[in-house]
Amino acid sequence: MPRRRQRPMAGSGSDATEDSEDSSAERDQANSSESDGNMPKRQRLTRASTRLSQSSQDTPDLKRAADHDESPPLTPTGNAPSSESELDISSPNASHDESQSKDQNNRDSDKDLSHRPKRRRCHETYNFNMKCPTPGCNSLGHLTGKHERHFAISGCPLYHNLSADECKVKAVSREKQEEEGKVQEDNSARHATRHQTPTPKQSRYKEQVTEIRKGRNSGLQKEQKEKHMEHRQTYGNTREPLLENITSEYDLELFRKAQARASEDLEKLRIQGQITEGSNMIKTIVFGRYELDTWYHSPYPEEYARLGRLYVCEFCLKYMKSQTILRRHMAKCVWKHPPGDEVYRKGSISVFEVDGKKNKIYCQNLCLLAKLFLDHKTLYYDVEPFLFYVMTEADNTGCHLVGYFSKEKNSFLNYNVSCILTMPQYMRQGFGKMLIDFSYLLSKVEEKVGSPERPLSDLGLISYRSYWKEVLLRYMYNFQGKEISIKEISQETAVNPVDIVSTLQSLQMLKYWKGKHLVLKRQDLIDEWKAKEIKRGNSNKTIDPSSLKWTPPKGT
């Protein structure tokens, strides 16, 4: 028997022509052996494949790209495809050798590919069956200015009191600013670590922003208030409130950029199938006497997630489907505070230490609840290696959840916080700083230096930077010596030296001079901090070390 020659790669010479004639003969023989009942459908497919093959003779690379495009993506639920033929061979996660072998097999089985009908991507078919929930919206345009259609309020220009054309114009200006920002980042990256002082351009920009914010209006005028009230009465919650003249133009533009970026992230998640608006996205939760809008997706069971609104007991954190079930549960629920040991109490504020191994269900429900308001959280069910410190505010009905933080029982990197959250109804009241201060108080009792686990959420990073700044300025205010050591600051405050150095650099209090790093005592910043402390007065939003009744847990 003659030995069959191996098919060469496309464009390799005359051998490719001979092999293509052999393969065309095989296709003709296969087509003639098919039944007559399928002839109309197969003829249509063959004409389409013929046009594709004709165009691929001139540009073989385009044919390979087309084959890649026909492979479907992941399912909208985020699950892997059910068969090998449904794998997305254009995925960047696939290995190079595997993609080459699949391309070779596709070329060898041209006959089979020519009769395979084209599949539309799942998200494209899904999109056109949906409609934006905003009244009067035709689903055209997108808040980011990069998409032709939208299907959620987050991307609706009409809801944000804009038109599709205005969104496109804003998108062009944002792209230009991002390109300029990238150039500045590249230039700043060339400087060594020792040169952390702002450049003259950055200093001028900071001064301009300060002047813009000083020149903003102190409040709305009478006509503007009437316009805002009329808009609210006309549209209610179906439109975003008017934001003009509430703050400076600079801050309003920053807010618009953040909205567009969040909308783009949600659109990417929807296309990838990780979320589907209207079916598996919890919009609101009823928690105690509050109804809270959620920020992110949380992996609650599908039968609960598809409801859109979830009812959660504020004491045991059990989640339910309806108000009736919640009312019946509250009549029977015996919990009035978190499980575990109360390790801190001062006034109405208490902190409970909850072991994830002993109270697994409660901690899992706490993590699912937290994911609704955190972006980077990945821990949901494996809670046994963690301790949870839950802060509550007590009244005559019980201890209400304010926030919590978790930490590993045995952290090799001395992380004193793995995840931290303040409930939305308690934000901007000083409770976040109390949670951070409590975590460092535990580190002091353990005689360790602590640091939060990365990455931090946006709000978490802001809170930690503010806390580190306050700790350093308080230390500088009370320091009476001439030479200061970062190691001594770290030992006294339990703050990691890396966090201390980054905070000093942001405050422009760390300089490099004659081969040494010097810490500058900026009296203007210290005086400003002291004035705020006096204005704040004796606030009860501070942690009192004497109220802590806690000993470090031994290897659990």
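Residues numbered from 1 in each chain as written. Predicted model: local features only at pLDDT ≥ 70, side-chain atom pairs only at ≥ 80, totals over all residues. Heavy atoms only, no water.

Caption draft 1: Up close: the environment of Pro-198. Mapping Pro-198 onto the fold places it in the loop between helix H7 (164-189) and helix H8 (200-214). With a relative accessible area of 33%, Pro-198 lands in the partly exposed category. Remark: the alpha-carbon pair of Pro-198 and Gln-508, spanning 310 residues in sequence, is separated by 8.5 Å. If we ignore the near neighbours within four places in the chain, the residues touching Pro-198 are Ser-203 and Gln-508. (Helix = DSSP H or I, 4+ residues; strand = E, 2+ residues; numbered from the N terminus. Buried < 20%, exposed > 50% of the residue type's maximum accessible area, 1.4 Å probe, protein only. Contact = heavy atoms within 4.5 Å.)

Caption draft 2: Representation of a positive patch on the surface in the model. Residues Lys-318, Arg-327, Arg-328 and Lys-332 make up a contiguous surface patch of positive charge. As for its position among the elements, Arg-327 is in helix H12 (residues 323-332). Residue Arg-327 is classed as exposed on the basis of its relative accessible area of 51%. (Patch = residues over 30% accessible without salt bridge, like charges linked within 9 Å, V, L, I, M, F, W, Y side chains within 5 Å. Areas by Shrake-Rupley, 256 points an atom, 1.4 Å probe, with all protein chains shown as cover. Salt bridge = Lys/Arg side-chain N within 4 Å of Asp/Glu carboxyl O. Lys, Arg positive; Asp, Glu negative; His and termini not counted. Charge placed at Lys NZ, Arg CZ, Asp CG, Glu CD.)

Caption draft 3: A look at the UniProt feature "active site" (unreviewed entry) in the chain. Within the UniProt annotation, "active site" (unreviewed entry) is assigned to Glu-453. Relative to the assigned elements, Glu-453 resides in the loop between strand S11 (451-452) and helix H15 (458-478). Contact partners of Glu-453, with chain neighbours within four places excluded, come to Glu-408, Tyr-415, Val-417 and Ser-418. (UniProt positions renumbered as here; feature names shortened; annotations may be inferred.)

Caption draft 4: Representation of the sheet that holds strand S10 (residues 419-422). Taking strand neighbours across the sheet as the criterion, the five strands line up as S5-S6-S7-S8-S10 in an open arrangement whose pairing is antiparallel. Of all strands in the sheet, those with a lone pairing partner are strand S5 (341-346) and S10, marking the two edges. Taking each pair of neighbouring strands and ignoring which way they run, the sheet shows an average axis angle of 20 degrees. Note: S5 against strand S6 (residues 349-355), five bridges, orientation antiparallel. Note on S6: the bridge partner recorded for Tyr-344 is Val-351. Along the sheet face, helix H13 (residues 360-371) touches S6, strand S7 (386-395), strand S8 (398-408) and S10 and points at about 75 degrees away from the line of S7. (Pairing = 2+ DSSP bridges. Axes fitted to C-alpha atoms, helices over the stretch in contact; angles between N-to-C directions.)

Caption draft 5: Examining the pairing of strand S13 (residues 516-519) more closely. Sheet topology note: the strand S12 (residues 510-513)/S13 ladder contains four bridges and is antiparallel. Note on S13: the bridge partner recorded for Lys-511 is Leu-518. What sits between S12 and S13 in their antiparallel hairpin is a turn of two residues, with Lys-514 showing a positive phi close to 55 degrees.

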